[in-house]
Amino acid sequence: QVQLVESGGGLVQPGGSLRLSCAASGFSFSDYPMRWYRQAPGKEREFVAHITRFGGTTNYADSVKGRFTISRDNAKNTVYLQMNSLKPEDTAVYLCKLLMGREYWGQGTQVTVSS
């Protein structure tokens, strides 16, 4: 069965960095694009970043463009989100998403940006 497991979240000061990982299993990882989303308390889930099957094309939400970088390692069945210059408004649960006939989500990893 499809499994997506996020990790790498934590508490970081404003201006700091974190690298999130999403380990995938149960499907042919390199056959599918992947996305990162986030959901802050009391807010709707929002798109963060997208990467195509072999990483040739990436897209970002305007709010993270220039600060976040999505990448993937198809040999490790893992997609990453490098987050730099973090701001308090980046505080959220970060989730990876697979669209394969239906949506699959991981359980998320909490990122808290606070001094």
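Now for a description of the structure that goes with this document. (Residues numbered from 1 in each chain as written. Predicted model: local features only at pLDDT ≥ 70, side-chain atom pairs only at ≥ 80, totals over all residues. Heavy atoms only, no water.)

## What to know about the overall build of the chain
- Within the chain, the secondary structure is distributed over zero helices and eleven strands.
- Going residue by residue from the N terminus, the α and β elements of the chain occur as β-β-β-β-β-β-β-β-β-β-β.
- Its C-alpha atoms give the chain principal-axis dimensions of roughly 40 × 25 × 20 Å.
- Taken over 115 residues, the chain has a buried fraction of 41%.
- Considering only contacts within the chain whose residues lie at least 6 apart along the sequence, 51% involve residues at least 24 apart.
- Put simply, the chain shows about 6000 Å² of open surface, and 46% of that area lies on carbon and sulfur atoms.
- Distance from the positive charge centre (13 side chains) to the negative charge centre (9 side chains) of the chain: 3 Å. (Helix = DSSP H or I, 4+ residues; strand = E, 2+ residues; numbered from the N terminus. Buried < 20%, exposed > 50% of the residue type's maximum accessible area, 1.4 Å probe, protein only. Contact = heavy atoms within 4.5 Å. Areas by Shrake-Rupley, 256 points an atom, 1.4 Å probe, with all protein chains shown as cover. Lys, Arg positive; Asp, Glu negative; His and termini not counted. Charge placed at Lys NZ, Arg CZ, Asp CG, Glu CD.)

## So, the sheet that holds strand E8 (residues 78-83)
- As summarised here, the arrangement of the four strands in space is E1-E3-E8-E7, forming an open sheet in which the pairing is antiparallel. Strands at the two margins of the open sheet, each flanked by one partner only, are strand E1 (3-7) and strand E7 (68-73). Adjacent strand axes in the sheet meet at a mean angle of 15 degrees, parallel and antiparallel pairs treated alike.
- Here E7 runs beside E8; their pairing, made up of six bridges, is antiparallel. (Pairing = 2+ DSSP bridges. Axes fitted to C-alpha atoms, helices over the stretch in contact; angles between N-to-C directions.)

## Section: the state of the cysteines
- Applying the stated criterion across every chain yields a total of one disulfide.
- Shown here is the disulfide that connects Cys-22 with Cys-96, its sulfur atoms set 1.9 Å apart. Handedness here is read from the sign of the S-S torsion; for Cys-22 and Cys-96, about 55 degrees, the answer is right-handed. In this pair, Cys-22 sits in strand E3 (residues 18-25) while Cys-96 sits in strand E9 (residues 92-100), placing the two residues 74 residues apart along the sequence. For the pair Cys-22 and Cys-96, one class covers both residues: buried. (Disulfide = S-S within 2.5 Å.)

## Some words on the packing of aromatic side chains
- Inspection of the entire model under this criterion finds four aromatic pairs.
- Ring geometry for Phe-27 versus Phe-29: centroids 6.2 Å apart, planes at 55 degrees, classification tilted.
- Of the residues examined, Phe-27 reaches a relative accessible area of 12% and is grouped as buried.
- Through a chain of ring-to-ring contacts, three or more aromatic side chains come together here, namely Phe-27, Phe-29 and Tyr-32.
- A cation over an aromatic ring shows up here: Arg-45 above the ring of Trp-105, its NZ or CZ 4.4 Å from the ring centre.
- The residue whose ring lies beneath Arg-72 is Phe-29, and the NZ or CZ to ring-centre distance is 4.3 Å. (Phe/Tyr/Trp six-rings, centres within 6.5 Å; stacked < 30°, edge-to-face > 60°. Lys NZ or Arg CZ within 6 Å of the ring centre and 35° of its normal.)

Function-wise, these values are silent; they only describe arrangement.
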